[in-house]
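Listed below are the residues making up each chain.
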Amino acid sequence: MTRLLRITLLSLLILAGLLSALLYSLTWRPADKQTLPVSCVAPRAPTLLPGQALKVMTWNVQYLAGKNYVFWYDTPDGSGPDERPTIEDMASSLDEVARVIRDEQPDVLLLQELDEGAKPSHYQDQLALLQERLVDLYPCSVQAFDWKADFVPDWHIFGSVGRKLVTLSRYQIEHAERLQLPVASGNLISRQFQPKPALLLSYLPLSDGGQLAVLNTRLDNGAPGHSAVREQVQATVKLLDKFESRGTPWLIGGDFNLLPLGQFLRLDAGRRGQYSPDSELHLLWDKYPMIPSNSQSSGIDRAQWLTHFPNDPSLDGPDRTVDYLFFSPRLKKVEARVRQDDTLRISNHLPVIARFLLPAAQ
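Now for a description of the structure that goes with this document. Small disclaimer: the values here were computed from a predicted structure and weren't measured.

The subject of this paragraph is the pattern of salt bridges. Where charged atoms from two side chains of opposite charge approach closely, those side chains can pair. Scanning all chains against the criterion turns up 22 salt bridges. The salt bridge partner of Arg99 is Glu96, with a shortest N-O separation of 3.0 Å. Pair noted here: Arg99 and Glu96 are both in helix α2 (residues 87-104), with a separation of 3 residues, about one helical turn. Notably, a salt bridge pairs Asp136 with Arg102, separated by 2.4 Å at the nearest N-O pair. Here Asp136, found in the loop between α3 (126-134) and β5 (140-152), pairs with Arg102, found in helix α2; they are 34 residues apart in sequence, far enough to count as distant. When its relative accessible area of 32% is taken as the criterion, Arg102 is described as partly exposed. Within the structure, one salt-bridge network assembled from shared partners comprises Lys55, Glu96, Arg99, Asp103, Glu104, Arg337, Arg339 and Asp342.

Below, the discussion takes up the sheet that holds strand β11 (residues 290-291). Reading across the sheet, the 7 strands line up as β1-β7-β8-β9-β10-β12-β11 and stay open at both edges, with mixed pairing between neighbours. The strands lining the two open edges of the sheet, one partner per strand, are β1 (33-35) and β11. Across 5 bridges, strand β10 (residues 250-255) lies against strand β12 (residues 323-327) in antiparallel orientation. For Gly254, the partnering residue across the bridge sits in β12 and is Tyr324. Relative to β10, helix α5 (residues 229-246) is tilted by about 160°, and along the sheet it contacts β7 (175-180), β8 (198-205), β9 (211-218) and β10.

Another aspect to go through is the pairing of β8. Burial runs high along β8: 8 of the 8 residues are buried. Bridge count between β7 and β8: 6 bridges; the pairing is antiparallel. Across the sheet, residue Ala176 finds its bridge partner in β8, namely Ser202. Note that β8 and β9 share 7 bridges and pair antiparallel. Bridge assignment links Tyr203 to a residue of β9, and that residue is Ala213.

Here the focus is the packing of aromatic side chains. All told, the structure shown has 11 aromatic pairs when counted by the stated rule. Seen from their ring centres, Tyr63 and Phe71 are 6.2 Å apart, and the 45° between their planes marks the pair as tilted. Take Tyr63 and Phe71: they sit in the same class, and that class is buried. Taken together, a centroid distance of 4.9 Å and an interplanar angle of 75° make the contact between Phe151 and Phe158 edge-to-face. For Phe151, a relative accessible area of 25% translates into the label partly exposed.

This part covers α2. An α-helix turns once per 3.6 residues; consequently, residues spaced three or four apart project the same way. Counted at 1.5 Å a residue, the expected span for α2 with its 18 residues is 26 Å, and the 26 Å between its end C-alpha atoms agrees. Listing the buried residues of α2 in full gives Met90, Ser93, Leu94, Val97, Ala98, Val100, Ile101 and Glu104. Buried residues of α2, viewed axially, fall in a sector of 160°; they line one side. Of the exposed residues in α2, those oriented more than 90 degrees away from the buried face are Glu88 and Asp103. Those residues of α2 that are buried are in contact with β3 (53-60), β4 (108-115), α3, β13 (332-338) and β14 (352-357). Two residues or fewer after α2 comes Gln105, characterised by a positive phi angle close to 50°.

This next bit is on the side chain of Ser202. Counting through the fold element by element, Ser202 comes out in strand β8. The exposure class of Ser202 is buried, given its relative accessible area of 0%. With sequence-adjacent residues up to four places away left out, Ser202 is seen in contact with Val142, Thr167, Ile173, His175, Ala176, Leu212, Ala213 and Val214.

Right, let's talk about the environment of Leu168 for a bit. Along the chain, Leu168 turns up in strand β6 (residues 159-169). Each C-alpha atom of the pair Leu168 and Leu137 lies 9.1 Å from the other, and the pair is 31 residues apart in sequence. If we ignore the near neighbours within four places in the chain, the residues touching Leu168 are Asp107, Val108, Leu109, Leu111, Leu127, Gln131, Leu134, Tyr138, Cys140 and Ser141.

Before going further, it helps to spend a moment on the sheet that holds β4. The strands that make up a sheet pair up through hydrogen bonds in the backbone, lying either parallel or antiparallel. Reading across from one edge, β2-β5-β6-β4-β3-β14-β13 is the order of the 7 strands in this open sheet, with mixed pairing throughout. A single partner strand is all that each edge strand has here, and the edge strands are β2 (39-40) and β13. As defined by bridge partners, β13 adjoins β14 across 6 bridges and the pair is classed as antiparallel. Pairing of Arg337 across the sheet is with Ile353, part of β14. Contacts from α2 reach β3, β4, β13 and β14 within the one sheet, and its direction differs from that of β3 by about 165°. Lying over the sheet, α3 contacts β4, β5 and β6, oriented at roughly 145° with respect to β4.

Definitions and limits used
- Residues numbered from 1 in each chain as written.
- Predicted model: local features only at pLDDT ≥ 70, side-chain atom pairs only at ≥ 80, totals over all residues.
- Heavy atoms only, no water.
- Salt bridge = Lys/Arg side-chain N within 4 Å of Asp/Glu carboxyl O.
- Helix = DSSP H or I, 4+ residues; strand = E, 2+ residues; numbered from the N terminus.
- Buried < 20%, exposed > 50% of the residue type's maximum accessible area, 1.4 Å probe, protein only.
- Pairing = 2+ DSSP bridges.
- Contact = heavy atoms within 4.5 Å.
- Axes fitted to C-alpha atoms, helices over the stretch in contact; angles between N-to-C directions.
- Phe/Tyr/Trp six-rings, centres within 6.5 Å; stacked < 30°, edge-to-face > 60°.
- Expected span 1.5 Å × (residues − 1).
- Arc of directions from axis to C-beta.

Pasting the structure below:
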């Protein structure tokens, strides 16, 4: 080996090492299971009582971006003209989100897509901004990132990302964990910059010594064959089965990015690309109660149960259901609905709201 070749190979090795170190420093590798800090600003939030009513709301607030845009990721070919919302539009969305929450006042609030330190949302700490408006309602909160990187080289972003799941509670939260879900396949480098879907698990104590497990999530939204959504649903079902076997009541809500039975063929052919004709969500609905149910979201009154209004100028309203609440058979559903009438211009998702009765004391 000539001296020039040795120098060239050594230089390439050094360059590769520097690039690897840079990649490592810019990206995020969460543990499979992580204990999270619980924030309770009140001296002592109340504890749940067996048999009491509990109102729950889940809502993907789309990082407060609003509905005045067609973003680059809103079109299948990435040709949407808009890169990020204005600060003024985000402030308006924040006010509207807070208004709806104050009007509903759910006991437990599950939010998806709140940003912190992300370039697309002007580096806002959106949970802090929201809590300033809701601190009197929700003394307890937990949060977990499901997308985080100091720099994403995609030219649409070309900067930091930080997106969270957030659970707010009127009642005491005893313990919380972030549970990593399977991630989409891809090359070693691109995988480092992609979202890392997770379950945000909160345990709310009951006065009789039991617990209510509350889970919050946003699953992958990649096309079939290019995502890990089936594995994510399977991992979720496995955990819920464990709660059932232990006798622990539970509920889970979020943006599942999956269709209910019967909606695939109702979508225009050009909008079916990210969904499978046989929805992976059946792994959940085959075993546990779902809100909205398949009969609601695909029945005669299905329009009332649509939860997603894409930023697509050809649409004048919601066209699919992708947000749900699932719950243990130990809970009794009292009522449920999707709030549509005054939320269509706040986010590209609509809030799903339900009231339950917790199991009575044994």
